[in-house]
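# Structural overview for review
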Amino acid sequence: MADVVVLKERVEIDPDKPLPEYDLPNAKAFSAVARKEGGVEMIAYVCNPDVPLRFEAVEQMRSFTGLGLIRFVEWGVVFWGPQRRRLMVIVYETPVGGRMLRGSETTIEPYSEDRLIKHFLNPVIALMRDMSARGVTHRAIRVNNLFYSDKARKHLILGDCLTAPPGLNNDPLFEPLEQGMADPSARGAGGVGDDVYALGVIVIFLTLGKLPRLTMDPIEAINRKISQGSYGVLTAGARIPASVVELLRGMLSDDPRERWSLREIELWLGGRRLTPKQPKLPNKAARPMMVGGVAGDNPRTVAEALARNWLIAPEIVRGQDFDNWVRRSLGDDRVLENVNKVLGSAAVIQSVPEADNQKLVTRACMALDPPAPIRHKGFSAFMDGVGHA
């Protein structure tokens, strides 16, 4: 029997009382109580020492007291007897209604529009407004990180966002297109638009009671989003209630500049109806470019294929077929200008030393798809997703 662990003379954690139903991908849950808060039930998350926490956001969490988020209590380092080492612990007040999805569940009873707005969107959008004002993102919005704050299981709230880097445990379906392209550990803090997108995916789930594409292969999901747009891919032909179609198209826009802001969502919640712009799909080339078995008919798909097939990509980028495809088949002056600036002419490409083959591929991907993460030797990252040296 392990001794009770005390965090900052405020919280008592019982190592003999695990709470597996509340476990997170990078933290194990244990029962805890606050010494001076009337015995309120709490969850202590003992964090994986190999995964960095979001230290920059921890103290900010103390100030969020709204209804849309699991309530933060305390954090710190304790000596954890079962592992005989010091570990980081984050404590939250227990959401007494438990997880939205229990055990192996993947479906729920669909929400009505009234329940969706009253018991989820209104409090969560108010929370996101508060977080945005403090420069904090959640970046862990996904179906298995939602909880009910009450025993009647009416009020749905967002779960933890501190025990792992932003977006690390999110399926690519819950990430905007560019963030989904990056390695999970290097997606970066992102912005409120990334949380809006993930929230749009949650709205689909709550409205339908399921997510049509929940088990889609990540690479397939990215390629389909490129060619069809996120709304079409995520709804997969399902009958979406007409009352929320407008909201979803705005929240799931693949162009960050056209994705709805919190203000636009608030206007919709207040009864004002807006018209989202139709998605702008990439121009299709006259013929596809073959890369590692992928027939890319647009620059973003080709860039993604080059990045994933980086061992054979140098030969492709140096080839005459690639030059002809960019300059003749694609018919996109913007992309051609990028290629000329970043790579140069075919003669310039041929003059690049073979020792710089992978740099050449990285530059080719940047020219074809500027908003995407930087890709190099199979690794994809945003600059703010890479730790400081």
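Attention here is on the structure that accompanies the text. Keep in mind that what you see is a predicted model, and the values were worked out from it rather than measured. (Residues numbered from 1 in each chain as written. Predicted model: local features only at pLDDT ≥ 70, side-chain atom pairs only at ≥ 80, totals over all residues. Heavy atoms only, no water.)

So, about helix α5 (residues 218-228). Three or more residues of α5 are buried, namely A221, I222, K225 and I226. The buried residues of α5 occupy one face: seen down the axis, they fall within an arc of 130°. Turning to α5, the residues buried within the fold contact α3 (177-181), α4 (192-208), α6 (230-235) and α9 (299-308). One side-chain oxygen of the residue at the start of α5 lies 3.1 Å from the amide nitrogen of I219, identifying that residue as D217. At the exit of α5 stands G229, carrying a positive phi of roughly 90°. (Buried < 20%, exposed > 50% of the residue type's maximum accessible area, 1.4 Å probe, protein only. Helix = DSSP H or I, 4+ residues; strand = E, 2+ residues; numbered from the N terminus. Arc of directions from axis to C-beta. Contact = heavy atoms within 4.5 Å. Polar contact = N/O pair within 3.5 Å; in protein donor to acceptor, adjacent residues only side chain to side chain.)

Turning next to the side chain of D254. When you line up the elements, D254 lands in the loop between α7 (242-251) and α8 (262-269). Buried charge without a partner: D254 forms no salt bridge, and the closest opposite charge is R259, 5.3 Å away. Side chain to side chain, D254 and S230 meet in a polar contact 2.5 Å long. For D254, the contacting residues outside a window of four places in its chain are L177, E178, Y197, K225, G229, S230 and R259. (Lys, Arg positive; Asp, Glu negative; His and termini not counted. Salt bridge = Lys/Arg side-chain N within 4 Å of Asp/Glu carboxyl O.)

Within helix α11 (residues 320-329) the residues assigned to the buried category are F322, D323, W325, V326 and S329. Just downstream of α11 lies G331, where phi reads positive at about 65°.

Glancing now at the sheet that holds strand β9 (residues 156-158). Think of a sheet as strands paired side by side through backbone hydrogen bonds, with each pair either parallel or antiparallel. Pairing in this open sheet of three strands is antiparallel, and the strands run β7-β8-β9 from one edge to the other. Edge positions in the open sheet fall to β7 (98-99) and β9, since each of these has one partner strand only. The sheet contacts of helix α2 (residues 113-133) involve β8 (146-148) and β9, and relative to β9 the element is tilted by about 25°. (Pairing = 2+ DSSP bridges. Axes fitted to C-alpha atoms, helices over the stretch in contact; angles between N-to-C directions.)

One non-glycine residue, E9, adopts positive backbone phi at about 55°. Checked against the element boundaries, E9 lands in the loop between β1 (5-7) and β2 (11-18). On the accessibility criterion, E9 (57% relative accessible area) is exposed. Of note in this structure, K377 is not a glycine but carries a positive phi near 50°. On the secondary structure map, K377 appears in the loop between β12 (374-376) and β13 (379-381).

For the rest of this paragraph, the subject is the packing of aromatic side chains. Evaluated as defined, the whole model comprises five aromatic pairs. Here Y45 and Y92 contribute two aromatic rings whose centre-to-centre distance is 6.0 Å and whose plane-to-plane angle is 70°, an arrangement assigned as edge-to-face. A residue pair is termed long-range when its members are at least 10 positions apart, and Y45 in strand β4 (residues 41-47) and Y92 in strand β6 (residues 85-93) qualify at 47 residues. The ring of Y111 has R115 sitting right over it, with the charged end atom 3.8 Å from the ring centre. (Phe/Tyr/Trp six-rings, centres within 6.5 Å; stacked < 30°, edge-to-face > 60°. Lys NZ or Arg CZ within 6 Å of the ring centre and 35° of its normal.)

With 77 residues, the main nonpolar core has Y45, M100, F120, L162, L199 and L206 as its most contacted residues. Ranked by residues supplied to this core, first place goes to α4 with 11 residues. Formed by 26 residues, the second largest nonpolar core is a distinct cluster that contains I349, V361, C365 and L368. (Core = buried A, V, L, I, M, F, W, Y, C linked by side-chain atoms within 4.5 Å.)

When two helices pack together, you describe them by how their axes are tilted relative to each other and by the distance separating the axes. The N-to-C vectors of α2 and α8 enclose an angle of 150°; their axes lie 11 Å apart at closest approach. Our classification of the angle between α2 and α8 gives roughly antiparallel. Crossing of α2 against α8: the hand is left-handed. Facing α2, whose interface residues are E113, I117, L121, N122, I125, M128, R129 and S132, α8 presents L262, R263, I265, E266, W268 and L269. Considered class by class, the residues forming the contact of α2 with α8 number eight nonpolar, two polar and four charged. (Parallel < 35°, antiparallel > 145°, perpendicular 65-115°, else oblique. Left-handed = near helix turned anticlockwise from the far one by under 90°. Nonpolar A, V, L, I, M, F, W, Y, C, P; charged D, E, K, R; others polar.)

A few words now on a nonpolar patch on the surface. Taken together, M366, I374 and M383 make up a surface patch of nonpolar side chains, about 300 Å² in accessible area. Secondary-structure assignment places I374 in strand β12. (Patch = residues over 30% accessible without salt bridge, like charges linked within 9 Å, V, L, I, M, F, W, Y side chains within 5 Å. Areas by Shrake-Rupley, 256 points an atom, 1.4 Å probe, with all protein chains shown as cover.)

Function cannot be inferred from these measures alone, as they are strictly geometric.
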